[in-house]
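# Inside the fold
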Amino acid sequence: MNGKGILIIDFGGQYDQLIARRVRECGVYSEIIDYDRAELARIMELAPEGLIFTGGPRSVYEAGAPSVDPGVFDLGIPVLGICYGAQLMAYLLGGSIEHAPLSEYGRTSVSVEEDSELLRDADRLNTCWMSHTDYISSAPEGFRITARSGSCPVAAMEDTGRRLYAVQFHPEVSHTDHGSEFIGRFVSGICGCARDWKMDSFAEEQIEKIREKVGDGRVLLALSGGVDSSVAAALLSRAIGSRLSCVFVDHGLMRKGEADEIEAVFGKDGPYDLDFRRVDASERFFSQLTGVSEPEAKRRIIGEQFIRVFEEEAELLGKPEFLAQGTIYPDVIESGRGKSAVIKSHHNVGGLPERMRFRAIIEPLSTLFKDEVRQLGRELGLPESLVSRQPFPGPGLGVRIVGAVTPEKAGIVREADAIFREEIKKAGLDGSISQYYAALTNTKTVGVKGDFRTYEYAVALRAVITSDFMTAAAADIPWEVLQRVMTRIVNEVGNVNRVFYDITSKPPGTVEIQ
């Protein structure tokens, strides 16, 4: 770090990289290290201008709970504790932590003191994002309580003399009012960091890292045609040029017409100078998924089959030593990074088999969020039509079919999804909704069509608004649009007689239904 930027100490929180992202939005460099690597000597060697403690799934008073050397508070470096990090700060400095009589999850009203150094200029009654089962019941000596909620006596506290600050809520998520301002005030105002970190410097650093890692070797890129893998292709192409081969695996679980669209863009008649290969492996994937209903099992099967296809293609290409993927940080964090809890294994992270023929995996985007990937794509000169493309998971419709996956079910959800996307676009809502799709539930219900009893599937519609895909709120789609979608789906798609709209936020839900 060379004495610059913010060091983020990770205690297994789901939002650790989101904190880093908020710091980078301030134009300040940041690094994340796990708590068990954050020895005092290491921190002093890195010489950061400030420290941030992340959240985490444990209780600070449990035996073996993640912790740090209390001497960190005597280094003279400003510290901001968030959620678990706030509780740890209080616990190590003599405060009290207890199991909360009422847990707080989601949007919570917090009463803020006007003279708080960290929270000043916030609304007197601020809306914050909470996610905790323990709380600080009493602040340590020297701290002043600067915010409270109805169920949390210490929603924020600070010791300005020692430049120690703690918030029980999550300022890094978009649902906390003034959250980015709080982080910006800590980073720039309290820590005095210069705002000199930019995305173009990230691209330059990654290109150099790729060249150093690959050397004279060749890379096979798993190209899905989505935003992430396309940006990865542009970055790798700039780094190693013609030593990059791109393989698109058509697993039979793509959206309607999408496989042909991808080939039109990246194939031999497209505008890109790529070694593009399309592999039709649909029968192989459906065969492996036969009778498999458990979501994690499906993801792992899809992940392994992707790798096996890539290995086979690698044999034909002269055995490239490296496999590249467009993995981004929400994939990593939900699959379980370091001490973080596993939310769901992504096919390109937790779904990878332990034994592969490739020497190493290259994931140049694995520290970025979706909006940062889009920004990087623009820096690399990719067209806006590609950079702003609607997200689509690597396992495709396989994670949008609840229960066992079959070609018939894939056909149902493919047609329903096409109708939903078409009507959203007709209504002019496609630019304001972050992600939207149709999923097939594993529920059959009784219905009536043409005076006859039916017993058919229910389709679930999902649409969310989010800036980072770590938290999300259901989109408020006009009723008349939902009615049109419902009417078209039950009339035009076979074996469907009911349509639901999923209004669950993230958390507690996830963006994808599985």
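Look a little higher up for the structure.
What counts and what doesn't
Residues numbered from 1 in each chain as written. Predicted model: local features only at pLDDT ≥ 70, side-chain atom pairs only at ≥ 80, totals over all residues. Heavy atoms only, no water. Helix = DSSP H or I, 4+ residues; strand = E, 2+ residues; numbered from the N terminus. Buried < 20%, exposed > 50% of the residue type's maximum accessible area, 1.4 Å probe, protein only. Polar contact = N/O pair within 3.5 Å; in protein donor to acceptor, adjacent residues only side chain to side chain. Contact = heavy atoms within 4.5 Å. Phe/Tyr/Trp six-rings, centres within 6.5 Å; stacked < 30°, edge-to-face > 60°. Lys NZ or Arg CZ within 6 Å of the ring centre and 35° of its normal.

In this section: the side chain of His 251. Residue placement: His 251 occurs in the loop between strand S11 (244-250) and helix H7 (258-266). Among the residues examined, His 251 registers a relative accessible area of 1% and is labelled buried. Reaching out from His 251, the side chain makes a polar contact with the backbone nitrogen of Leu 253 at a distance of 3.1 Å. In terms of polar contacts, His 251 uses its side chain to reach the backbone carbonyl oxygen of Gly 394, at 3.1 Å. Not counting chain neighbours up to four residues away, the residues in contact with His 251 comprise Ala 281, Ser 282, Phe 285, Phe 286, Phe 306, Gly 394, Pro 395 and Gly 396.

Another aspect to go through is the packing of aromatic side chains. The description of an aromatic ring pair rests on the distance of the ring centres and on the angle between the ring planes. Considering all chains together, one arrives at 10 aromatic pairs under this definition. Measuring from centroid to centroid gives 5.5 Å for Phe 11 and Phe 53, while their planes differ by 75 degrees, and the two rings are edge-to-face. You can see Phe 11 sitting in the loop between strand S1 (6-10) and helix H1 (16-25) and its partner Phe 53 sitting in strand S3 (residues 50-53), a full 42 residues away along the chain. Here the two residues Phe 11 and Phe 53 agree in accessibility, since each one is buried. Ring centres of Phe 306 and Phe 310 lie 5.9 Å apart, and the angle between their planes is 20 degrees; on these two criteria the pair is classed as stacked. Of this pair, Phe 306 and Phe 310 both sit in helix H9 (residues 295-316), separated by four residues, roughly a single helical turn. Comparing Phe 306 with Phe 310 shows no difference in burial state: the two are buried. Ring pairs connect the aromatic residues Phe 11, Tyr 35, Phe 53, Phe 73 and Tyr 84, which therefore count as one cluster. When the ring centre of Tyr 437 is taken as reference, the NZ or CZ atom of Arg 400 above it lies at 3.9 Å. Its guanidinium or amino end placed over the ring of Tyr 457, Lys 444 lies 4.9 Å from that ring's centre, counting from NZ or CZ.

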